[in-house]
Amino acid sequence: MMNNIIVLPLIIPIMVGVILVFLRPYVKTQRVISLVTMLGMAGISLYILNKIQTEGILRLDFGGWEPPFGILFVADSFAMLFVLTANIVTAICLIYAFSSIGESHEKMYFYPFVLFLIAGVNGSFLTGDMFNLFVCFEVMLLASYVLVTLGGKKAQLRESIKYVVINILSSWFFLVALAYLYGALGTLNMAHLSERVAEVGQGPLLTTISIIFLIVFSLKAGLLLFFWLPGSYSVPPTAIAALFGALLTKVGIYALFRTFTLIFYHEPSITHTLIGIMAGVTLVLGCIGAIAYKDVRLIASYNVVIAVGFILVGLAVATQASLEGSIYYVIHDMVAKAMLFLIAGTMIALTGKTKINEISGLIRNYPLFGWMVFVVTCSLAGIPPLSGFVGKVLVGQGAIESGSYILLALAFLSSIVVLYSLLRIFLSSIFGETIISVEDEVPLKKGMIISIVLLAIGTVSLGLGAEFISGYVSDAAHTLFNPSVYIEAVLGGNK
Amino acid sequence: METLIILLIGILVAVATYLILSRNIIRVILGTAVLSHAVHLLILTLGGLKTGNVPLLTEADAPYTDALPQALILTAIVISFAVTAFILVLAYRAYQDIGTDDLDALRGTNDE
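Residues numbered from 1 in each chain as written. Chains lettered and ligands numbered in written order. Predicted model: local features only at pLDDT ≥ 70, side-chain atom pairs only at ≥ 80, totals over all residues. Heavy atoms only, no water.

Q: Account for the overall build of chain A, with residues named and values stated.
A: Helices and strands together make up the secondary structure of chain A, namely 21 helices and two strands. In terms of overall dimensions, chain A is globule-like: its C-alpha atoms have a radius of gyration of 22 Å, near the 23 Å expected for 495 residues. Seen along its three principal axes, the alpha-carbon backbone of chain A occupies a region of about 70 × 55 × 40 Å. Every one of the 495 residues in chain A was classed for burial, and the buried ones make up 65%. Summed over its atoms, the accessible surface of chain A is roughly 16400 Å², and 69% of this surface lies on carbon and sulfur atoms. Mean positive and mean negative side-chain charge positions of chain A (25 and 24 charges, respectively) differ by 12 Å. (Helix = DSSP H or I, 4+ residues; strand = E, 2+ residues; numbered from the N terminus. Rg over C-alpha atoms; globule rule 2.2 N^0.38 Å. Buried < 20%, exposed > 50% of the residue type's maximum accessible area, 1.4 Å probe, protein only. Areas by Shrake-Rupley, 256 points an atom, 1.4 Å probe, with all protein chains shown as cover. Lys, Arg positive; Asp, Glu negative; His and termini not counted. Charge placed at Lys NZ, Arg CZ, Asp CG, Glu CD.)

Here it is as structure tokens:
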């Protein structure tokens with residue numbers, strides 16, 4: 001099915017972002033326009049998602065060039081679920097930014113760059129062409145380079161140099177992989193690639209190429225190669241860190257799922273085993289990091305790493321149940337990680353301290369905030385009825401079905417570590433002797449607590465309403481598990 | 001011809017690796033720039049060097065050269081131009097604020 005609407009998640013933020021550049025001095029106008037845009041896009045994404053359920057996978061061939069000759073966008077349930085969640089989370093992070101980011105950021109093109117970032121993220125989710133994926137990655141990354149350096153504090157400049165260099169390097173490796181792929185198969189359309197790989201068989205050469213892709217996307221996703229992540233995610237302002245923690249690694253995860261379920265799925269004993277090993281090591285290292293540090297931002301960053309490992313366990317075992325579980329978990333993780341980063345940033349904003357052993361007794365000063373910390377702890381640990389539960393159960397079920405007991409054990413042990421690392425924050429910083437007297441109490445800004453509560457509502461309703469989204473998720477997993485559905489939708493001609 | 005170009009790519013990658021592994025930030029940036037050129041040549045070579053006519057259906061006779069690698073490289077060059085410009089400015093700004101261009105000194109401490 002051809003449909004023009006699926007290009008809107010890419011076009012709207014870019015157009016609005018360009019307009020906002022010219023509205024630089026008018027902070028209030030920028031706020032209203034950017035929030036309305038994000039909410040509108042969430043609405044559009046929901047509309048597209050529902051349209052896919054009735055009409056099947058949608059696609060748009062740019063310039064009328066039929067696949068496999070032109071670039072195209074393909075919207076299946078998997079991509080749209082990511083787009084929808086990403087847009088909602090961004091809207092909520094914007095609400096947080098209104099009251100926390102400060103006028104100097106807002107006048108230095110903060111909102112346009114958030115919109116360019118989300119344009120790149122949406123484009124990466126929707127594209128059906130490998131080279132276009134590279135371009136969308138770059139749109140997203142360039143916006144993220146600006147956002148991570150915006151403000152220009154010493155620590156920011158120092159960490160952002162590493163972040164930028166490592167991402168530039170991985171981008172060039174991405175191009176190397178693309179060059180090999182084009183040289184070997186003569187096409188870059190994902191569906192066509194999948195068809196050709198199935199025809200010629202995934203020999204040693206193609207498997208090697210797939211491993212270059214694995215390295216590139218692992219760098220972006222923070223799978224095993226996450227050494228750059230904790231530093232660069234803990235320096236930018238809270239709202240930006242939350243956006244990064246919620247969205248950027250998910251784009252890498254999306255690319256891994258797309259490549260290794262659609263194109264390179266013929267040699268699971270090599271590629272998927274490798275992903276499994278990497279996921280296992282990531283879980284262990286992430287757990288060590290989450291326990292080792294006392295800085296709330298670093299604890300939050302290592303929790304991102306653990307989640308990446310957990311989600312990739314679902315890809316490594318690659319049964320339909322585990323894929324479904326991973327999708328649930330990604331959706332949950334976008335919401336809960338944004339919440340965790342916002343909470344960590346709020347704790348620092350309220351007390352001026354970053355170490356958990358220096359903060360104590362916040363629940364007396366800010367009762368609602370204290371309970372929100374408890375909600376996010378339970379949610380990330382996967383306690384029912386919150387949203388992490390369904391994903392964890394399904395990934396576990398998949399791991400048992402395929403007999404990957406080591407990964408199963410690591411995945412569930414990591415949940416306990418997550419629970420421990422967050423309870424540590426809760427017990428030492430939220431409970432305990434209060435350190436802030438009533439006179440010194442910094443008022444908790446409305447925008448901050450509203451956005452955190454909105455995310456809490458999100459995680460509760462995702463848990464309670466799992467039934468409601470299960471239709472979308474199982475459709476997404478069905479497409480991932482049966483590449484022919486995707487190929488048929490792209491190459492099957494205009495019906 | 002392909003062999004020659006592949007050798008050239010190898011030399012460029014070796015130079016880039018050497019530069020990227022040094023401690024000076026400007027050398028690292030130059031390294032990424034050289035690496036991007038190597039990758040662009042790689043795309044061109046793997047797409048097949050000139051084997052036929054310009055791909056204008058009515059103007060020239062078959063066989064045609066594949067035009068796609070050139071389109072890909074054009075896009076990649078623009079992107080590499082943008083990111084190189086960005087990181088040069090970033091490095092200069094960091095040098096102004098932190099007062100060093102040595103990556104070892106940019107490691108940072110845990111107490112800041």
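Q: Talk me through the overall build of chain B; I want residue IDs and the actual numbers.
A: Summing up its helical and strand segments, chain B has three helices and zero strands in all. Ordered by position from N to C terminus, the α and β elements of chain B give α-α-α. Its C-alpha atoms give chain B a radius of gyration of 19 Å, more than 25% over the compact-globule value 13 Å for 112 residues. For the C-alpha atoms alone, the extent of chain B along its principal axes is close to 70 × 25 × 20 Å. With 112 residues in all, chain B has 36% of them scored as buried. In chain B, of all internal contacts separated by at least 6 residues, the share reaching a separation of at least 24 is 51%. (Contact = heavy atoms within 4.5 Å.)

Q: Please provide a residue-by-residue account of unusual backbone geometry, values included.
A: Residue and element names in this part refer to chain A. With omega at 10°, the peptide bond leading from P67 into P68 counts as cis. Assignment of secondary structure puts P68 in the loop between β1 (58-61) and β2 (72-75). Note the cis peptide between P384 and P385, where omega equals 5°. You can see P385 is positioned in the loop between α16 (367-381) and α17 (388-401).

Q: Can you tell me about the packing of helix α14 (residues 320-351) of chain A against α17(A), naming the residues and giving the values?
A: Relative orientation and spacing of two packed helices are given, respectively, by the angle between their axes and the distance between those axes. Residue and element names in this part refer to chain A. Between α14 and α17, the shortest axis-to-axis distance is 7 Å and the interhelical angle comes to 155°. In terms of their interaxial angle, α14 and α17 are classed as roughly antiparallel. Pair α14 / α17 crosses with left-handed handedness. Packed against α14, whose contacting residues are A321, S322, E324, G325, S326, Y328, Y329 and H332, the element α17 presents G388, V390, G391, K392, L394, V395, Q397, G398 and E401 at the interface. Its residues assigned to classes, the contact of α14 with α17 comprises six nonpolar, eight polar and three charged. (Axes fitted to C-alpha atoms, helices over the stretch in contact; angles between N-to-C directions. Parallel < 35°, antiparallel > 145°, perpendicular 65-115°, else oblique. Left-handed = near helix turned anticlockwise from the far one by under 90°. Nonpolar A, V, L, I, M, F, W, Y, C, P; charged D, E, K, R; others polar.)

Q: Give me the side chain of A:S124: which residues, what numbers.
A: Inspection of the secondary structure assignment puts A:S124 in helix α5 (residues 110-126). Excluding its chain neighbours within four sequence positions, the residues that come into contact with A:S124 are A:L133, A:C136, A:F137, A:V251 and A:Y254.

Q: So what's going on with the interface of chain A and chain B? Which residues, and what values?
A: Buried accessible area, meaning the area lost when the parts come together, often serves as the stated size of an interface. Of the residues lining the interface, 28 residues belong to chain A; the matching set on chain B comes to 36 residues. For the pair chain A and chain B, the two sides together bury roughly 2900 Å², of which 83% comes from carbon and sulfur. Across the chain A-chain B interface, the total number found is zero salt bridges. For the pair chain A and chain B, the number of links is three residue pairs in polar contact (both at pLDDT 80 or more). (Buried area = accessible area lost by both parts, 1.4 Å probe. Salt bridge = Lys/Arg side-chain N within 4 Å of Asp/Glu carboxyl O. Polar contact = N/O pair within 3.5 Å; in protein donor to acceptor, adjacent residues only side chain to side chain.)

Q: Run through the side chain of A:E106, naming residues and quoting values.
A: Residue and element names in this part refer to chain A. With respect to the helices and strands, the residue E106 is situated in helix α4 (residues 103-107). Within polar-contact distance, the side chain of E106 engages the side chain of R31 at 2.8 Å. Here the side chain of E106 touches Y111 through a polar contact of 2.5 Å, side chain to side chain.

Q: I'd like a rundown of the pattern of salt bridges, residues and numbers included.
A: Residues and elements named next belong to chain A. Counted according to the given criterion, the structure contains 13 salt bridges over all chains. Put simply, R258 and D76 hold a salt bridge, and the shortest N to O gap is 2.8 Å. Placement of R258 in helix α11 (residues 238-263) and of D76 in the loop between β2 and α3 (77-100) is noted, with a sequence separation of 182 residues between them. Each member of the pair, R258 as well as D76, is classed as buried. Residues participating in the shared-partner salt-bridge network are R158, E159 and K162.

Q: A description of the confidence of the model for chain B should follow, citing residues and the corresponding values.
A: This prediction gives chain B a mean pLDDT of 89; 96% of its residues lie at or above 70. Mean pLDDT across the elements of chain B bottoms out in helix α3 (residues 68-98) of chain B (93) and peaks in helix α1 (residues 2-20) of chain B (95). (pLDDT = per-residue confidence, 0-100.)

Q: Could you give an account of the environment of B:L56, with specific residues and numbers?
A: With respect to the helices and strands, B:L56 occurs in the loop between α2 (25-46) and α3. Along the backbone, B:L56 and B:I26 are 30 residues apart, and their C-alpha atoms lie at a distance of 43 Å.

Q: Could you give an account of the packing of aromatic side chains, naming the residues involved and the relevant values?
A: All names here are of chain A. Here the structure, examined in full by the defined rule, presents 33 aromatic pairs over all chains. A centroid spacing of 6.1 Å and a plane angle of 50° characterise the contact between F78 and F257, whose relative ring orientation is tilted. Of the two residues, F78 is situated in helix α3 and F257 in helix α11; the sequence distance between them amounts to 179 residues. Classification of F78 as buried rests on a relative accessible area of 1%. The class of F257 is buried, set by a relative accessible area of 1%. For the pair W228 and Y233, a centre-to-centre distance of 5.9 Å together with 75° between the ring planes defines the contact as edge-to-face. Given the relative accessible area of 1%, Y233 is considered buried. These aromatic residues form a ring-pair network of at least three members: F131, F134, F137, F174, F213, F217, F260 and F264. One Lys or Arg, K392, reaches over the ring of F310 and ends 5.2 Å from the middle of that ring. (Phe/Tyr/Trp six-rings, centres within 6.5 Å; stacked < 30°, edge-to-face > 60°. Lys NZ or Arg CZ within 6 Å of the ring centre and 35° of its normal.)

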